[in-house]
Amino acid sequence: MKWICLWALMLVSCGSEPVAQPFLAKPLKAGKEVEKKVGKEREEKQKLVKKEKLLAGQLSFHGLSEAELANFRVIPERGKKLLRAENKTFEQVDGFWWKGSGPAEWFKIPGTSSAWVGKGEVPKKYTAKVERAGLTVHTRSNGLVKLVGALRKGVKRPGWVKNVGETKCPAAWPWAALVE
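What you see as residue numbers is a count from 1 along each chain, following the sequence as written. Per-residue local features of the predicted model are confined to residues with pLDDT of at least 70, and side-chain atom pairs are confined, for both listing and counting, to 80 or more; whole-chain, interface and lining totals are unaffected and use all residues. Just so you know, side-chain values use all the structure's heavy atoms and leave hydrogens and water out.

*Asks:* Whenever I open this one, the side chain of Ser101 confuses me. Can you help?
*Replies:* In this text, helices come from DSSP runs of H or I with a minimum length of four residues, and strands from runs of E with a minimum of two, each type numbered from the N-terminal end. Turning to its location among the elements, Ser101 is positioned in the loop between β4 (89–98) and β5 (105–108). We call a residue buried when its accessible area falls under 20% of the maximum for its residue type, exposed when it is over 50%, and partly exposed in between, using a 1.4 Å probe and counting protein chains only. By relative accessible area, Ser101 is classed as buried at 16%. N or O atoms closer than or at 3.5 Å make up a polar contact, with two conditions inside protein: a donor-capable atom paired with an acceptor-capable one, and, for residues adjacent in sequence, both atoms drawn from side chains. Here the side chain of Ser101 touches Trp98 through a polar contact of 2.8 Å, landing on its backbone oxygen. Here the side chain of Ser101 touches Glu105 through a polar contact of 3.0 Å, landing on its backbone oxygen.

Given below as structure tokens:
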């Protein structure tokens, strides 16, 4: 008799009838809907990342000492927090602050352009240079940036810009305390 009761209990508890186990009826459908939504969000995010990479500047530092790197702060394409300069390539940058330029100007790197600051042999892809007070920045830009800049009356190539109007940096000059 014990075995019959146990067998009956197992059959009742393992049934797949929706009334007996209502929690099985909708979660599968909701799970698929959630998966679709998450998938769409992931695709949109990937498209945005690809678009950002295409339209952002790039900045490389090479062979500089820690003391020399301390004179630079990298301005990310998005956000207000400046990055400390390192001997590496930064993707997704808007430009950089240089201690020697003062708070009125910063170096702008338009989308799809790049800049190189360093010692040693300059990579061949950098075809132009901008000099200021002993600092040489090697740059590269494409014709599309120059054309769009000319049409919009904006920045046409990497270079120093006034920190006002459309070229106002969202992050303050990092050495402001030294001037006060």
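*Asks:* How should I be thinking about the packing of aromatic side chains in this particular structure?
*Replies:* For any pair of aromatic rings, the description rests on two quantities: the centre-to-centre distance and the angle between the ring planes. Note on aromatic contacts: the rings of Phe and Tyr and the six-membered ring of Trp form a pair at centre separations within 6.5 Å, being stacked when their planes are under 30 degrees apart, edge-to-face when over 60 apart, and tilted otherwise. Enumeration according to the criterion identifies 9 aromatic pairs in this entry. Arranged with centres 6.1 Å apart and planes meeting at 45°, the rings of Trp98 and Trp160 form a pair that is tilted. Of this pair, Trp98 sits in strand β4 while Trp160 sits in strand β9 (residues 159–162), and the two are 62 residues apart along the sequence. Here Trp98 and Trp160 have matching classes, each one buried. Measuring from centroid to centroid gives 5.3 Å for Phe107 and Trp160, while their planes differ by 85°, and the two rings are edge-to-face.

*Asks:* Help me understand unusual backbone geometry in this model?
*Replies:* Of all residues except glycine, most have a negative phi; of all peptide bonds, most are trans. Even without glycine at this site, Gln92 takes up a positive phi of about 60°. Within the secondary structure, Gln92 sits in strand β4. One non-glycine residue, Thr112, adopts positive backbone phi at about 65°. With respect to the helices and strands, Thr112 occurs in the loop between β5 and β6 (114–118). Residue Thr112 is classed as partly exposed on the basis of its relative accessible area of 28%.

*Asks:* Would you mind going over the pattern of salt bridges with me for this structure?
*Replies:* Opposite charge on two side chains makes pairing possible when the charged atoms of those side chains draw close. Here a salt bridge means any side-chain nitrogen of Lys or Arg lying within 4 Å of a carboxyl oxygen belonging to Asp or Glu. By the definition in use, this model includes 4 salt bridges. Close ionic contact of Asp94 with Lys108 constitutes a salt bridge, the shortest N to O distance being 2.4 Å. Of the two residues, Asp94 is situated in strand β4 and Lys108 in strand β5; the sequence distance between them amounts to 14 residues. Each member of the pair, Asp94 together with Lys108, is buried. Ionic pairing is found between Glu105 and Lys162, a salt bridge with its closest N-O pair at 3.5 Å. Within this pair, whereas Glu105 is found in strand β5, its partner Lys162 is found in strand β9, the two being separated by 57 residues in sequence.

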